[in-house]
Amino acid sequence: MAFFQAVGDFLLTQLLGMTWLKDLIGKLLALLFGSAFAESRWGEAIHFFLFDFIKIGILLCFLIFVISFIQSYFPPERTKKILSRYHGIGANLIGALLGTLTPFCACSSIPIFIGFTRAGLSAGVTFSFLISSPLVDLGALVLLTSVFGWKVAILYVVLGILLAVVGGTVIEKTGLGKQIEPFVLQGEDIDIEAPAMTFRERLGYAKDQMLATYKKVVLYIVIGVAIGGLIHNVIPQEWIESLLGSRQPFSVLLATVIGAPIYADIFGTIPVAAALFEKGAGLGTILAFMMAVTTLSIPSFVMLKKVVKWKLLWSFLGIVMAGIILLGYLFNFLEPLIV
């Protein structure tokens, strides 16, 4: 048992947490600028920025490579065929699970949503996929593990999938899924089978996707790390605790409302989440903010409005926001047990 505990601690602290990198950057700053500067507020801010930027970059590139390699086995056409075999809540669950293996952002999920709808898949399946795809993926699991530990990461993924299943089921059972713009239903479903790929071609595809994805999100990472550094080194802990502490009754609601209009990838929200957590913000409050940012951004809703009617759009917003808020309060309640 002690051996497995030691291996688990090594994976969390050294492999995912990269404490070796944090120590190395600290020593380099002290060597280059002196110990006094390295221990000053500016030195700690630079330390925070360099460590988080490099750490997230390494994890991101590795994860996107692995995820893209897996994704090469699940192009949209194949995903569509898999989903068409299932019905009811089971189909919604499969849709949510496939969303975790196809890590599209909220905006890029819309064309997939159109293809699923034209293929005759149920509204429950398509909306479960639409919620799960940007919210929960393998990258989120690993990055959350590196910051909060494996208990929080696994619970986040499980409850995120549950939110996707429940959201899709409610939209289907209430008939809201029929509130689709006519051009989506009348359009032709063009099913082009993806060409077979060799192992070498899949590796090349994964590399290209890794580079392309990193170029897309690097700006969000820089902004997120900069904001995280500001929170970590400038904003007093008392302020954070008074607004976003787990015992504050409106902290989750506030975090969800603030996060909803923001457009960013989960990789950009991780450093902000880490800084807020160190400053005493509630775990559920932080995760609600992350969920809102990745699922409810303005650009994604602008695109979604082009394919659904107002009634469905506002219902989707209400269902997802309500789910995020409930999960946020649940995480705050469970925080003493899982952190």
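Note that this is a predicted model, so its numbers are computed, not measured.

About the cut-offs
Residues numbered from 1 in each chain as written. Predicted model: local features only at pLDDT ≥ 70, side-chain atom pairs only at ≥ 80, totals over all residues. Heavy atoms only, no water. Helix = DSSP H or I, 4+ residues; strand = E, 2+ residues; numbered from the N terminus. Buried < 20%, exposed > 50% of the residue type's maximum accessible area, 1.4 Å probe, protein only. Contact = heavy atoms within 4.5 Å. Areas by Shrake-Rupley, 256 points an atom, 1.4 Å probe, with all protein chains shown as cover. Phe/Tyr/Trp six-rings, centres within 6.5 Å; stacked < 30°, edge-to-face > 60°. Axes fitted to C-alpha atoms, helices over the stretch in contact; angles between N-to-C directions. Parallel < 35°, antiparallel > 145°, perpendicular 65-115°, else oblique. Left-handed = near helix turned anticlockwise from the far one by under 90°. Nonpolar A, V, L, I, M, F, W, Y, C, P; charged D, E, K, R; others polar. Expected span 1.5 Å × (residues − 1). Core = buried A, V, L, I, M, F, W, Y, C linked by side-chain atoms within 4.5 Å. Bend = angle between axes of the 7 residues up to and from the residue.

Thoughts on the overall build of the protein
Thinking step 1. Secondary structure summary: the protein contains 18 helices and zero strands in total.
Thinking step 2. Sorting the 339 residues of the protein into buried and exposed places 49% on the buried side.
Thinking step 3. Of the contacts formed within the protein by residues at least 6 apart in sequence, a portion of 84% connects residues at least 24 apart.
Thinking step 4. Summing over all exposed atoms, the protein offers an accessible surface of approximately 16500 Å²; the carbon and sulfur share of this is 70%.

Quick notes on the packing of aromatic side chains
Thinking step 1. Within the structure shown, the criterion is met by six aromatic pairs.
Thinking step 2. Consider the rings of Phe 69 and Phe 199, whose centres lie 5.5 Å apart with planes at 75°: the pair is edge-to-face. Here Phe 69 is found in helix α4 (residues 41-71), whereas its partner Phe 199 is found in helix α12 (residues 199-233), with 130 residues between them in sequence.
Thinking step 3. Looking at Phe 69, the relative accessible area reads 18%, which means it is buried.
Thinking step 4. With a relative accessible area of 56%, Phe 199 lands in the exposed category.
Thinking step 5. Consider the rings of Phe 127 and Phe 316, whose centres lie 5.6 Å apart with planes at 50°: the pair is tilted. In this pair, Phe 127 sits in helix α8 (residues 123-135) while Phe 316 sits in helix α18 (residues 310-338), placing the two residues 189 residues apart along the sequence. Just as Phe 127 is buried, Phe 316 falls in that class too.

Things to note about the packing of helix α10 (residues 150-173) against α18
Thinking step 1. Closest axis-to-axis distance for the α10/α18 pair is 10 Å, and the angle between their directions is 150°. One way to sum up the angle between α10 and α18 is to call them roughly antiparallel. Crossing hand, α10 versus α18: right-handed. On α18, the residues touching Lys 151, Val 152, Leu 155, Tyr 156, Leu 159, Leu 163, Gly 167, Val 170 and Ile 171 of α10 are Leu 312, Phe 316, Ile 319, Val 320, Gly 323, Ile 324, Leu 327, Leu 330, Phe 331, Leu 334, Leu 337 and Ile 338.
Thinking step 2. Counted by class, the contact of α10 with α18 contains 18 nonpolar, two polar and one charged residues.

Side note on helix α16 (residues 283-295)
Thinking step 1. With 13 residues, α16 extends 18 Å between its outermost C-alpha atoms, agreeing within 8% with the 18 Å of an ideal straight helix rising 1.5 Å per residue.
Thinking step 2. Taken across its 13 residues, α16 has 13 buried, putting it largely inside the fold.

A few points about the packing of α4 against α12
Thinking step 1. For the pair α4 and α12, the least separation of the axes is 7 Å and the interaxial angle reads 155°. The orientation of α4 with respect to α12, classified from their angle, is roughly antiparallel. When you trace α4 past α12, the crossing you get is right-handed.
Thinking step 2. Of the residues that constitute the contact of α4 with α12, the class distribution is 22 nonpolar, nine polar and five charged.

Some remarks on the nonpolar core
Thinking step 1. With 81 residues, the main nonpolar core has Phe 127, Tyr 156, Leu 287, Val 308 and Phe 316 as its most contacted residues.
Thinking step 2. The element that contributes the greatest number of residues to this core is α18, accounting for twelve residues.
Thinking step 3. Once residues within four sequence positions are removed from consideration, Phe 316 is found in contact with Phe 127, Leu 130, Ile 131, Ile 171, Phe 301 and Leu 304.

As for the environment of Phe 116
Thinking step 1. Inspection of the secondary structure assignment puts Phe 116 in helix α7 (residues 109-118).
Thinking step 2. Owing to a relative accessible area of 1%, Phe 116 belongs among the buried residues under this scheme.
Thinking step 3. A sequence separation of 13 residues divides Phe 116 from Phe 129, and the C-alpha atoms of the two residues are 9.7 Å apart.

Looking at α18
Thinking step 1. Across its 29 residues, α18 extends 39 Å between first and last C-alpha, which sits within 8% of the 42 Å expected from 1.5 Å per residue.
Thinking step 2. At Asn 332, α18 shows its largest kink, close to 35°, and the proline Pro 336 lies no more than four residues downstream.

Brief notes about the environment of Gly 95
Thinking step 1. Tracing the chain through its elements places Gly 95 in helix α6 (residues 88-101).
Thinking step 2. Counting along the chain gives 13 residues from Gly 95 to Ile 82, while the straight-line C-alpha distance between them is 9.0 Å.
Thinking step 3. Apart from residues no more than four positions distant in its own chain, Gly 95 is found in contact with Leu 83, Val 125 and Phe 129.

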